[in-house]
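Residue strings, one per chain:
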Amino acid sequence: MNINREEIHVVWLKRDLRLQDNEAIYNALQSNERTLFLYVFENSLLEDPHYNERHWNFIKESIRDLNEDLKNYNTKILCVQTEVVNAFNQLLDTYKINGVFSHQETGLLITYNRDKDFTRYCRNNSINWIENKNNAVLRGLLNREDWFDKWEDYMTQNLIKNELKSEKFISFNEITALEKYFQIVDLETPKKAVFQKGGSKMGWRYANSFFDKRHEKYMFNISKPALARESCSRLSPYIAWGNVSIRQIYQKACDVKDAENSKPLGAFVSRLRWQAHFIQKFEMEHTMENVSLNKGYQKLKKSISEEYQKAWEAGNTGFPLIDASMRCLIETGYLNFRMRAMLISFFTHILWQPWQAASQHLSKLFLDFEPGIHFPQLQMGSGETGINTLRIYNPIKNSLEHDADATFIKKWCPELANLPVPFIHEPYIMTPLDELFNDFKLGENYPNTIVEIKSARKRASDILWELKKDKAVIAENKRILKKHTISERNRMLKNS
Ligand SMILES: Cc1cc2nc3c(=O)[nH]c(=O)nc-3n(C[C@H](O)[C@H](O)[C@H](O)COP(=O)(O)OP(=O)(O)OC[C@H]3O[C@@H](n4cnc5c(N)ncnc54)[C@H](O)[C@@H]3O)c2cc1C
């Protein structure tokens, strides 16, 4: 170990991959020590089954984007593959680390445990670890009293402006010299991938095009699987990985809101509130990763069918809108809200599988995987919170209503594309003569339905409505409402 080690600060970047409105960076820059930016590709997360290559590529693109800007300040992000404690141990050979600055993470149990280990590590090594609030999510809350006001206070505060100066950072060449002690991560990503590309600049391109024009049909198209792809903001991965802050987006939406666009932008802003609302719920009840929030539902036993699960995962259930949605998600990493909700409803209600069995398959596919939204939404979608309305989506009704001309299904289930539209929605209604006319054989060209939907819906509905009357479910409802309900719920839900 170098005995004349320079005292430095480290900004440990995680899901806050941006330079502006980044409080961790701001705090690091407030003293005389130079700052090193660090991103750790943690082996434990690289191997975690919730994650997928698409997430790591998005992060790499985000880091490349930051590095492009940091070049102007003669620095770059040290990107290493190891565990966090190992990375800091190695850094301590060269530097004395006075402070580590990062944002609080509302993550998987694995990151919660890592944070506990890291807290101990910092204590033992006299390192001051300062964590900032992430997008107005509050740590250590016991209930949601005043939560809404606090969210709004945070969102209306001035954006944090970081004044970057070369002399404040460990230089590019010093970082290059450091890299030889680490397993360095190659930041190249596949050129031809169809996923949204990571980076703040890209995030702002999506934001600006949404605010300029795309918002106009936001409410009209939000539930339509094909049109929502253009009319929704598509900001979710940029928000999930912190390329933009919710506060930046909120303030931009308020700036551009006028009499003409107040409806769509009001509805958009209300969804920005939901983002923190769900994450706050998970922050206060992290067991939601594995068990139902309402403990009354933990007695619900569902049969496991590998055959059903495989058919659903691959988009081969015989229900065109379900299959098109899953195949689209596999290919592109994005689906609008209603199709996500329909996929989980189909899995848990119609196929009668436990939501836990869908969790990793979906988290791997959603480019915007955000644990704090993912788990509460899975539980809400499967009807296991007790406090939310039970919604058993009918994929055929949704198909007819939201993909009336079957544009979306034709794209993702091309084997159905040449059929008349009514048969695209319901290929199983074809008679043998229809099949002959259309040169199509159900079971060969496209799968037969794997379940009989009417009886499956009835079974789910009967069991879940009955369970709503269960004493344990009712007792838990009270607990959940007390802990998680926002005192001004109507204000929270309103589109403004
Ligand atoms: C089973 C399931 C899992 C989901 N998992 C995720 C996830 O991992 N990450 C994620 O960001 N969203 C998740 N969602 C919520 C929602 O589907 C997406 O946020 C939305 O479709 C993203 O598209 P957009 O950015 O164009 O949204 P817009 O409609 O343009 O909304 C703007 C932003 O508001 C937030 N938002 C919108 N809808 C919701 C919502 N219902 N709940 C919480 N925040 C919302 C998102 O940050 C979004 O980017 C999930 C929904 C379901 C049903």
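Residues numbered from 1 in each chain as written. Predicted model: local features only at pLDDT ≥ 70, side-chain atom pairs only at ≥ 80, totals over all residues.

**So, the overall build of the protein chain**
Quick note on the threshold: Strands are runs of DSSP state E lasting at least two residues, helices are runs of H or I lasting at least four, and both sets are numbered from the N terminus onward. Whether a residue is buried, exposed or partly exposed follows from its count of other C-beta atoms within 10 Å of its own C-beta, namely 20 or more, 12 or fewer, or something in between, respectively; the C-beta atoms are built from the backbone. It is the C-beta atoms, placed from the backbone, that decide contacts: two residues are in contact if theirs lie within 7 Å.
When its secondary structure is counted, the protein chain shows 25 helices and five strands. Overall size of the protein chain, expressed as C-alpha extent along the three principal axes, is 85 × 50 × 50 Å. Residues counted as buried form 41% of the 496 residues belonging to the protein chain. Look at the contacts in the protein chain between residues 6 or more apart in sequence, and 81% of them connect residues 24 or more apart.

**Considerations on the UniProt feature "domain: Photolyase/cryptochrome alpha/beta" (unreviewed entry) in the protein chain**
The cut-off we apply is this: UniProt positions are given in the numbering used here, feature names are shortened, and annotations may be inferred rather than shown by experiment.
Here the UniProt feature "domain: Photolyase/cryptochrome alpha/beta" (unreviewed entry) sits at residues 7–137. Split by type, residues 7–137 is 42% helix and 27% strand. Its first and last C-alpha atoms lie 31 Å apart.

**Description of the packing of helix α15 (residues 320–332) against helix α16 (residues 337–350)**
What counts, and what does not: To get an axis, a line is fitted to the C-alpha atoms, and for a helix only the part in contact is used. The angle between two axes follows their N-to-C directions and goes from 0 to 180 degrees. Small angles under 35 degrees read as roughly parallel and large ones over 145 as roughly antiparallel, with 65 to 115 read as roughly perpendicular and the rest as oblique. Crossing handedness follows the turn of the near helix against the far one: under a right angle anticlockwise gives a left-handed crossing, and clockwise gives a right-handed one. Note on residue classes: Ala, Val, Leu, Ile, Met, Phe, Trp, Tyr, Cys and Pro are nonpolar, Asp, Glu, Lys and Arg are charged, and everything else, Gly too, is polar.
One can describe the packing of α15 onto α16 by two numbers: an axis separation of 10 Å at closest approach and a directional angle of 115°. Between α15 and α16, the angle is such that the two are roughly perpendicular. Handedness of the crossing formed by α15 with α16: left-handed. Taken together, the residues of α16 that come into contact with α15 (itself represented by Ile-322, Ser-325 and Met-326) are Met-339, Met-342, Leu-343 and Phe-346. The residue inventory of the contact of α15 with α16, partitioned by class, reads six nonpolar, one polar and no charged.

**Some thoughts on the nonpolar core**
Cut-off, in case you're wondering: What we call a nonpolar core is a set of buried Ala, Val, Leu, Ile, Met, Phe, Trp, Tyr and Cys residues whose membership is set by joining through C-beta atoms within 7 Å.
With 108 residues, the main nonpolar core has Val-11, Leu-38, Ile-77 and Ile-409 as its most contacted residues. Every residue in contact with Val-11, bar those within four places of it in the chain, is listed here: Ala-24, Ile-25, Ala-28, Thr-35, Phe-37, Leu-38 and Phe-101.

**Some remarks on the site of the ligand**
Basically, it comes down to this: In this analysis, residues qualify as near a molecule or strand once their C-beta atom, positioned from backbone atoms, comes within 6 Å of it. Bear in mind that the domain bounds are from an automatic or database domain assignment.
Around the ligand sit 27 residues in total, of which Cys-232, Ser-233, Ser-236, Phe-337 and Gln-377 are the nearest. Of all elements in the fold, only α11 (236–240), α13 (262–284), α16 and α18 (371–381) reach the threshold of two or more residues within the shell around the ligand. Inspection of the shell around the ligand shows a minimum of three residues originating in each of domain 2 (200–284) and domain 3 (289–484).

**Considering the domain arrangement of the protein chain**
Taken domain by domain, the protein chain consists of domain 1 (6–179), domain 2 (200–284) and domain 3 (289–484). Put simply, the middle of domain 1 and the middle of domain 2, counted by C-alpha atoms, are 25 Å apart. At the junction of the two partners, domain 1 supplies 21 residues and domain 2 supplies 21 residues. Those elements that provide at least two residues to the side of domain 1 that touches domain 2 are α3 (53–70) and α6 (147–156). The residue inventory of the side of domain 1 that touches domain 2, partitioned by class, reads twelve nonpolar, three polar and six charged.

**Overview of the UniProt feature "binding site: FAD" (unreviewed entry) in the protein chain**
In the numbering used here, UniProt assigns the feature "binding site: FAD" (unreviewed entry) to Tyr-218 and Phe-268. Separation in sequence by 51 residues is not matched in space for these annotated residues, since their most distant C-alpha atoms are only 8.1 Å apart. Note on placement: Tyr-218 falls in helix α9 (residues 218–221). On the neighbour-count criterion, Tyr-218 (21 C-beta atoms within 10 Å) is buried. When near neighbours in sequence (up to four residues on either side) are disregarded, Tyr-218 contacts Ser-231, Cys-232, Pro-264, Ala-267 and Phe-268. By the secondary structure assignment, Phe-268 is in helix α13. With sequence-adjacent residues up to four places away left out, Phe-268 is seen in contact with His-215, Tyr-218, Ser-233 and Ala-253.

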